[in-house]
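Summary of the model geometry
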Amino acid sequence: MVPLDYYIILSAFLFAVGVVGVIVSRNLIVMFMGVEIMLNAANLALMAFSRHLKLMDGQVLVFLVMTLAAAEAAVGLAIIIAVFRGRESVNADHLNLMKW
Amino acid sequence: MLLFVVAAIIALAAAVMVITVRNPVASVLYLIISLLAQSVLYIQLSGLFVAAFLVLIYGGAILVLFLFVIMMLNIRYADFGPDMLKAVKPWGWIFGLVLLAEMVWVSMGVSTRMSAVDPAFGSVPAVAMLLYTKYVYPFELTSILLLAAIVGAVVMAKRGM
Amino acid sequence: MFDYLYLVPLLPLATFIINGLFRTRLSKGVVQGLAVAAPGLSFALSVALFFGLLGLNPAHRSVEQVLFAWIPIGNLQLDIAFLLDPLSSVMIMVVSGVGFLIHVYSIGYMAHDPGVKRFFIYMNLFMFSMLTLVLANNLILLFIGWEGVGLCSYLLISFWFTKKSATDAGNKAFIVNRIGDFGFLLGGFIIFWAAGTLQFNELATRAPHVFTIGGGAITAATLLLFLGATGKSAQIPLYIWLPDAMEGPTPVSALIHAATMVTAGVYMLARLNFLFILAPTSMLVVAIVGCATAFVAATIGLAQNDIKRVLAYSTISQLGYMIMACGVAAFAAGIFHLMTHAFFKALLFLGSGSVIHAMSDEQDMRKMGGLKKQLPVTYVTFLMATLAISGIPLFSGFFSKDEILWKSFSSGHGSIIFWIVGVITAMLTAFYMFRLLYMTFFGQPRYDKHTAEHLHESPKVMTVPLVILAILSVIGGWIGLPHSLGGGAWFEKFLEPVMTHAGGGGEAVAVHHASVSTEYLLMAITVVLVLVFIYIAYYLYVKNTAKAGSLRQSLSGVHKMIYNKYWVDEFYWAIIVRPVVNGAIFLWKVADVLIIDGIANGLARLVGDISETFRRAQNGYLRAYLTIFLIGAVVVIGFLVVR
């Protein structure tokens, strides 16, 4: 069997990739996908612990998280569409009014 | 074990490709590949229902939604011009790596082997048992949340509002 | 009767307050009326008090009136209290009497000046300060009056404050006086530290027991007090302000810089005679300074062309005589000369004011001449004063000056050198005074037609005081008629109780038993020499004026030196004033602007710069914010991991 910490380390890697993806890319869509990657990494960790502790609760939580991710994706993309209508671009650097 | 390694590498590589390719459609497709690999990992962890759920909902609904949006907004290689925040890239990588190091450092010592589990673990009835008894409130609330999400999405994207 | 003593200084104070507060609402006539009435009433009261004092036994002629206890702290008991004794009685009569006459004169002189109300307000303040100074029963109240007259001097010298030369002169007077005041205060501190009191009567009894004769403490204290006197009474080294003070209106010059304020130093020496007696070294210094000042000032006066300047140097010179008298322990003689000098010097200044007024404000004697026909009253009174100051027998100045010369020869503290220099100075005095008289009133007119048209004798309000002062200049000396000439030396006798407080008596100290015949001889020598010099002046300035010019050519070196006042002002400027001013500019430009402002502004700018830097963190860019999130999260997790 694969030891637990391998899964955790993999989850950590995936999470880091997601974080970097959010910060480094200028495309709003790609940033959003980074967020999804992060969520998935968390799901993976949850599944691993659930298996290790032999409790189903982890898997139920993963189920709910994914539902939430769906809702969040829908709203987020709607926001991106609204932004696009105003600025004609999905360049994250064009959203610079959050000051003063 | 071999299965784990292969699936892990694919998942990770695909994730990296997601953030590095220029074409946003390609990014979505790479993400789907990564999700598939992760699904394999879920199966290895006796989460049959969740694995299926992942592919169906995440890959089939959410990422398709992404594709819809990309196509609709007609985002191409979209050359964004010179980067106005040049300092972010290096610092982002550095601290991302630091974060990684921290997390790995924490989980290094947890070398535990997992013992066997009965076959009913992770099956649909098992999930359902828990979902409709212990976690019925979160379940119902989630449905309301989805309702809110739908209304919000419609409001946000409607023209002229 | 003596209960009304406090009114003497307080009447002018009251009119000062009334006029000062309601200046704009009172008419010119009311202001002037009040202002002139105050010193007049003070004078009447002073005379009454004098007669009251005469009614007392000579040994008990000392009345104190305490208004209230001002500073009662431990050892220090200072009251607002007035002391009436022979010395202060003489002083208040002189100050209020001459002051009253000058106030009357000013009504005419300042009639056309737009600031006439302000003038009388300041004059009344001055009267109050001077009378307080003279009536004070302790050193600090005296000092208050001392400072008050200094202030009024400043206010009145720079009366026409739009003229830069006037304001400069006012500054100079005040600043130079300040130096003297510094010495005064230090001397006072030493006195208090040693004797524990500053009240005159108490000091007089305590001083001989507390100080050792000729000791360090008393010598230092008296020398410091004398420094104050040199400032106020314009002696070397602090006389430089007096000639410049002629920028003020002529009545100011008459009152403050001839008759009253400058005599404050002499008064202070006389009042503290019991201290000075205990310090022979100081006495010697005082005498030498007085003698030297008298001589030097007379030499400078020889070459001046401005009528008021000549009189200013003459004042310095006569003050030198008074100081010298105090230095040889002839305090009564010094006060006597103070009184006669007040009469004839005030008259001289007022007369010159009359001349200036008539000449449409011309003050240069070279542009005058032959005025005795046009200004008869002025001429006659001026002549009386000139005869008095020259020491012509039977005039007041003769008696007082002669007394000083005799005492400087015969007193235990005196020496023949003082007498010789004093006689030479008297000769010079006669010379320059008659030079002034001849150049102004005799000879051919040297003024232009325009001035000639406006030439007129002054109005009665100005000439009547002149006449009164002239009468006093003639008869004022009779009360001091010495024994040798058949008199009873009543003045000296009257002041005796004040002067012999110290053990052993002031003037009883080892008087050379010089004979009366010596006194006659010395008197005669002086008079003859004086008459000779008067004739020389007559010759040079009336008979043969060309000779004066050629004499000046041949002695051009000497003439240049005395005309330029020995370049003392320039010396002070280079040695003292300029370094101080440069130091101040340095402190301003470097210490204040550069360093202090630099630090203050720099700190502010530093804060601004730091915040500018931090401000860049809030630039509105989403990715920048996310990066900072990440950094924060990493740091926090790092803490948790490490713990």
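Residues numbered from 1 in each chain as written. Chains lettered and ligands numbered in written order. Predicted model: local features only at pLDDT ≥ 70, side-chain atom pairs only at ≥ 80, totals over all residues. Heavy atoms only, no water.

A closer look at the overall build of chain A
Regarding its fold elements, chain A presents three helices and zero strands. Moving toward the C terminus, one meets the helices and strands of chain A in the order α-α-α. The C-alpha radius of gyration computed for chain A amounts to 17 Å, which surpasses the reference 13 Å derived for 100 residues by more than 25%, pointing to a less compact arrangement than a globule. Each principal axis of the C-alpha distribution contributes one length, and for chain A these read about 50 × 25 × 25 Å. For chain A, the residues scored as buried account for 65% of the 100 residues in total. (Helix = DSSP H or I, 4+ residues; strand = E, 2+ residues; numbered from the N terminus. Rg over C-alpha atoms; globule rule 2.2 N^0.38 Å. Buried < 20%, exposed > 50% of the residue type's maximum accessible area, 1.4 Å probe, protein only.)

Things to note about the packing of helix α3 (residues 57-87) of chain A against helix α6 (residues 136-157) of chain B
The geometry of α3 of chain A relative to α6 of chain B is characterised by a closest axis approach of 9 Å and an angle of 10° between their N-to-C directions. Taken together, the axes of α3 of chain A and α6 of chain B lie roughly parallel to each other. Residue-level inspection shows F63, L64, T67, L68, A71, A74, V75, A78, I79, A82 and R85 of chain A of α3 of chain A in contact with α6 of chain B, the latter providing P138, F139, T142, L145, L146, A149, A153, M156 and A157 of chain B. Split by residue class, the contact of α3 of chain A with α6 of chain B holds 17 nonpolar, two polar and one charged. (Axes fitted to C-alpha atoms, helices over the stretch in contact; angles between N-to-C directions. Parallel < 35°, antiparallel > 145°, perpendicular 65-115°, else oblique. Contact = heavy atoms within 4.5 Å. Nonpolar A, V, L, I, M, F, W, Y, C, P; charged D, E, K, R; others polar.)

Considering the interface of chain B and chain C
Contact with chain B, which involves 13 residues of that partner, is made by eleven residues of chain C. Summing both sides of the interface, chain B and chain C together bury roughly 1100 Å²; the carbon and sulfur share of this comes to 79%. Taken as a group, L85, F95 and E102 of chain B account for 47% of the area that chain B buries against chain C, more than any other trio of residues on that side. For the pair chain B and chain C, the interface holds one residue pair in polar contact (both at pLDDT 80 or more). When the residues that make up the side of chain B that touches chain C are grouped by side-chain class, the tally is nine nonpolar, two polar and two charged. (Buried area = accessible area lost by both parts, 1.4 Å probe. Polar contact = N/O pair within 3.5 Å; in protein donor to acceptor, adjacent residues only side chain to side chain.)

Brief notes about the interface of chain B and chain A
Size of an interface, as often reported, equals the accessible area lost when the parts are brought together. With 78 residues of chain B at the interface, the matching set in chain A holds 68 residues. In this structure, the connection of chain B to chain A is made through one salt bridge. K134 of chain B serves as the salt-bridge partner of D57 of chain A, at 2.6 Å between the closest nitrogen and oxygen. Joining chain B to chain A, the criterion identifies six residue pairs in polar contact (both at pLDDT 80 or more). Only α1 (2-20), α2 (24-44), α3 (48-73), α4 (88-107), α5 (124-131) and α6 of chain B provide two or more residues apiece to the side of chain B that touches chain A. Class assignment of the residues belonging to the side of chain B that touches chain A gives a composition of 58 nonpolar, 14 polar and six charged. (Salt bridge = Lys/Arg side-chain N within 4 Å of Asp/Glu carboxyl O.)

Observations concerning the pairing of strand β1 (residues 63-73) of chain C
For β1 of chain C and strand β2 (residues 76-84) of chain C, the ladder comprises nine bridges, and the chain directions are antiparallel. Its bridge partner being in β2 of chain C, P72 of chain C is matched across the sheet by Q77 of chain C. (Pairing = 2+ DSSP bridges.)

Here we look at the layout of surface pockets
Empty pockets left among the atoms are what a rolling probe the size of a water molecule brings to light. Residue and element names in this part refer to chain C. In this model, the largest pocket occupies a volume close to 760 Å³. Lining the largest pocket are 27 residues; nearest its centre among them are L302, R435, Y541, A548 and R552. When contributions to the lining of the largest pocket are tallied by element, the ones reaching two or more residues are α18 (416-441), α22 (516-543), α23 (545-554) and α24 (556-563). A total of five residues in the lining of the largest pocket trace back to one element, the largest contributor, which is α18. Of the residues in the lining of the largest pocket, the class split is 17 nonpolar, six polar and four charged. (1 Å grid on protein atoms, 1.4 Å probe; cavity = no way out; pocket = protein on both sides within 12 Å on 5 of 7 lines; lining within 4 Å. Points joined across faces, edges and corners; volume = space filled by probe spheres on them.)

A short note on the packing of aromatic side chains
Residues and elements named next belong to chain C. Enumeration over the complete set of coordinates arrives at 28 aromatic pairs over all chains. Between F382 and F441, the ring centres sit 5.3 Å apart and the planes meet at 55°, which makes this aromatic pair tilted. Of this pair, F382 sits in helix α16 (residues 376-390) while F441 sits in helix α18, and the two are 59 residues apart along the sequence. This pair shows no difference in class: F382 is buried, exactly as F441 is. Ring plane angle 45° and centroid distance 5.8 Å describe the contact between F434 and Y438, whose orientation is recorded as tilted. Here F434 pairs with Y438, and both are found in helix α18, just four residues apart, close to one helical turn. Put simply, the rings of Y379, F382, F434, Y438, F441, F442, Y535 and Y538 pair up and form one aromatic cluster. The side chain of K372 reaches across the aromatic face of F442, ending 4.2 Å from its centre. (Phe/Tyr/Trp six-rings, centres within 6.5 Å; stacked < 30°, edge-to-face > 60°. Lys NZ or Arg CZ within 6 Å of the ring centre and 35° of its normal.)

A short note on the pattern of salt bridges
All names here are of chain C. Within this structure, the stated rule accounts for twelve salt bridges over all chains. Ionic pairing is found between K172 and D244, a salt bridge with its closest N-O pair at 3.1 Å. Highlighted residues: K172 in helix α6 (residues 164-195) and D244 in helix α9 (residues 241-244), separated in sequence by 72 residues. Among the salt bridges present, the one from E202 reaches R206, with a minimum N-O distance of 3.4 Å. Taken as a pair, E202 and R206 lie in helix α7 (residues 200-210) at a separation of four residues, close to a single helical turn.

Focus on the domain arrangement of chain B
You can read the domains of chain B as domain 1 (1-76) and domain 2 (123-161). Taking only C-alpha atoms into account, the centre of domain 1 of chain B sits 22 Å from that of domain 2 of chain B. (Domains from an automatic or database assignment.)

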